[in-house]
Amino acid sequence: MTVELICVGTEILLGSIVNTNAAYLAEQCAGLGLSCYFQTVVGDNEERLTQVLQMGMERSDIIILSGGLGPTEDDLTKEVAAKVCGKELQLHKPSKKAIEKFFAHRGMEPTDNNWKQAMLPKDAIVMENHNGTAPGVIIETKLCKLILLPGPPNELRPMFEESVAPYLEQLTNQVICSKTVKICGVGESKAETMVKDLIDIQENPTIATYAKTGEVHIRVTANGEDKKAALKLIKPVVKELKSRFGNDIYSTEETCTLEKAVADLLIANGLTVTLAESCTGGLLSARLVNVPGISDVYKMGVVTYSNKAKRRLLGVKKGTLQKYGAVSVQTAEEMAKGAAVSFKADVAVAVTGIAGPDGGTEEKPVGLVYIACCVKGRTVVKECRFSGNRDKVREAAVSAALTLLRRCILEYYSEVTFGK
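What you see is a predicted model, and the numbers here were worked out from it, not measured in a lab.

Novice: Could you give me a rundown of the pattern of salt bridges, with the residues and numbers involved?
Specialist: Taken as a whole, this structure holds 15 salt bridges when the rule is applied. Salt-bridge contacts for Glu 100 lead to Lys 96; the nearest nitrogen and oxygen are separated by 2.9 Å. Taken together, the residues Glu 100 and Lys 96, both in helix α5 (residues 93-105) and four residues apart, mark about one turn of the helix. Note on Glu 100: relative accessible area 34%, which makes it partly exposed. In the salt-bridge network here, residues are joined through shared partners; they are Asp 197, Glu 240 and Arg 244.

Structural data, given as structure tokens:
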């Protein structure tokens, strides 16, 4: 089956907000085995929305619309969809009650225009909104099925997972299952090259690669008569991916993040960790402390932005800073070793670099970052050259630091176990 995405909102066209809904919905639909061939962004304009909707209904089995379900006059999605489908709007009493309850819980009085959100197309399937006032709507027609979702991501995503995904799964007599293989330390182009032969012959299951910051995810999707049959098709493909990528795979669990995989590795081996950050300014610590249970091993994190802080807190030598500079292999190594010693940690990671937009030179350009990892006295330093703005450089540096930390722990125990 084919699905088409229509995101409604003039603010998206103006660049006032980033359209994260399209990326989320596309990924979810791919996971359900639906083919998405068209995505459209249209402003809050009745005529243009009508044209886009009519065109979509001619070429797609399912259309998912996000946005334009609010209480104001420029929220037109539901009204236009009902008109195009020849459905009249009528008061949906359970939705009106839900809106009343929403405002009462917050000690607020709804305004008259809020009741507009309870006027829904006749015979529509209504999806309750547990995080806002706009209910979701499914309109079934002979041509296709229209799914209307609220625009705010914190409302759209739970509604999709609670109501839309189960609905879409029922539209086929086959069960669709997916498994995501999560890889770090391998670039997107290299990862795709490594699985190109599998992609070229894919039928069922299918394979798709997704680039993340510092990661690549490979999603394997299969359909079968039941879940067992679908998973049976997925298993040998995942096994082949594990054979090809080895330790670069950090998880095949949907909910596992890179920082969780690293935290689990630290906790499982009883390794205490400390972090010394310069250009990342605490972002690395923030990623790790997102993981429940990290307090068992996380000792301390310091942001040593100035040379003085690097010397005083980490014991970086004055001569090292003068001869090689703050952004260098030598400084990164001394930062990591100093952090491990100063804070009595089994593992220490240090990051120093030039995030930009200023401060770069021909020899040391913006995006140059050195990451050092010290595991029980064994230190590795990695040079990285990132592109993009300041935020992208810092985010990429954090992902690279987590990847290096994971690799160094695995290599340490491999060397200890096999006596290398």
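Novice: Describe the packing of helix α3 (residues 46-59) against helix α4 (residues 77-84), and please don't skip the residues or the numbers.
Specialist: Between two packed helices, what matters for the description is the angle formed by their axes and the separation of those axes. Where α3 contacts α4, the two axes come as close as 10 Å, and the packing angle between them is 50°. The angle between α3 and α4 falls in the class oblique. Classified by chirality, the crossing of α4 by α3 is right-handed. Within the contact between the two elements, α3 uses Glu 46, Leu 49, Thr 50, Leu 53, Gln 54 and Met 57 and α4 uses Thr 77, Val 80, Ala 81, Lys 83 and Val 84. Residues of the contact of α3 with α4, tallied by class, amount to six nonpolar, three polar and two charged.

Novice: Residues and numbers for the packing of helix α11 (residues 307-314) against helix α13 (residues 329-342), please.
Specialist: Interhelical geometry of α11 versus α13 gives an angle of 40° and a closest axis separation of 9 Å. With respect to α13, the element α11 is oriented oblique. Judged by residue contacts, Lys 310, Leu 313 and Leu 314 of α11 engage Thr 331, Glu 334, Met 335, Gly 338, Ala 339 and Ser 342 from α13. Taken together, the residues of the contact of α11 with α13 break down into four nonpolar, three polar and two charged.

Novice: Tell me about α11, and please be specific about residues and values.
Specialist: Within α11 the residues assigned to the buried category are Ala 309, Lys 310 and Leu 314. Seen end-on, α11 carries its buried residues on one side only, within an arc spanning 100°. Away from its buried face by more than 90 degrees, α11 exposes Lys 308 and Arg 312. Elements in contact with the buried residues of α11: β13 (273-277), β14 (298-303), α12 (318-324), α13 and β15 (347-353).

Novice: Can you explain the layout of surface pockets? Please cite residues and give values.
Specialist: Regions of empty space are outlined by a rolling probe, equal in size to a water molecule, passed over the atoms. Taken as a whole, the largest pocket encloses approximately 500 Å³ of empty space. Lining of the largest pocket is provided by 19 residues; of these, Lys 212, Glu 215, His 217, Thr 257 and Arg 287 occupy positions nearest its centre. Looking at the lining of the largest pocket, the elements with two or more residues in it are β9 (175-184), β11 (215-224), α10 (283-289) and α14 (390-418). Class assignment of the residues belonging to the lining of the largest pocket gives a composition of five nonpolar, six polar and eight charged.

Calculation rules
- Residue numbers here run from 1 along each chain, matching the order of that chain's written sequence.
- Per-residue local features of the predicted model are confined to residues with pLDDT of at least 70, and side-chain atom pairs are confined, for both listing and counting, to 80 or more; whole-chain, interface and lining totals are unaffected and use all residues.
- Side-chain metrics in this entry use all non-hydrogen atoms of the structure; hydrogen atoms and water are not considered.
- The working definition used for a salt bridge is a side-chain nitrogen of Lys or Arg within 4 Å of a carboxyl oxygen of Asp or Glu.
- Helix numbers and strand numbers start at the N terminus; a helix is a DSSP run of H or I with at least 4 residues, a strand a run of E with at least 2.
- Exposed residues in this analysis have more than 50% of their type's maximum accessible area, buried residues have under 20%, and partly exposed residues fall in between, with area computed by a 1.4 Å probe over protein chains only.
- Interaxial angles span 0 to 180 degrees and are taken between N-to-C directions of axes, which are lines fitted to C-alpha atoms, for helices over the stretch in contact.
- For classification purposes, an angle smaller than 35 degrees is called roughly parallel, one larger than 145 roughly antiparallel, one from 65 to 115 roughly perpendicular, and anything else oblique.
- Take the far helix as your reference; a near helix turned counterclockwise from it by less than a right angle gives a left-handed crossing, and one turned clockwise gives a right-handed crossing.
- Any two residues whose heavy atoms approach within 4.5 Å at even a single point are treated as in contact.
- Gly is put with the polar residues, along with every residue not named as nonpolar or charged; the nonpolar set is Ala, Val, Leu, Ile, Met, Phe, Trp, Tyr, Cys and Pro, and the charged set is Asp, Glu, Lys and Arg.
- The arc in question is traced by the directions running from the helix axis to the C-beta atoms.
- The definitions used throughout rest on a 1 Å grid laid over the protein atoms alone, on which a cavity is an enclosed set of points accommodating a 1.4 Å probe that cannot get out and a pocket is an open set flanked by protein within 12 Å on both sides along at least five of seven lines; lining residues are those having an atom within 4 Å of a point.
- Grid points are joined across faces, edges and corners, and a volume is the space filled by probe spheres set on the points.

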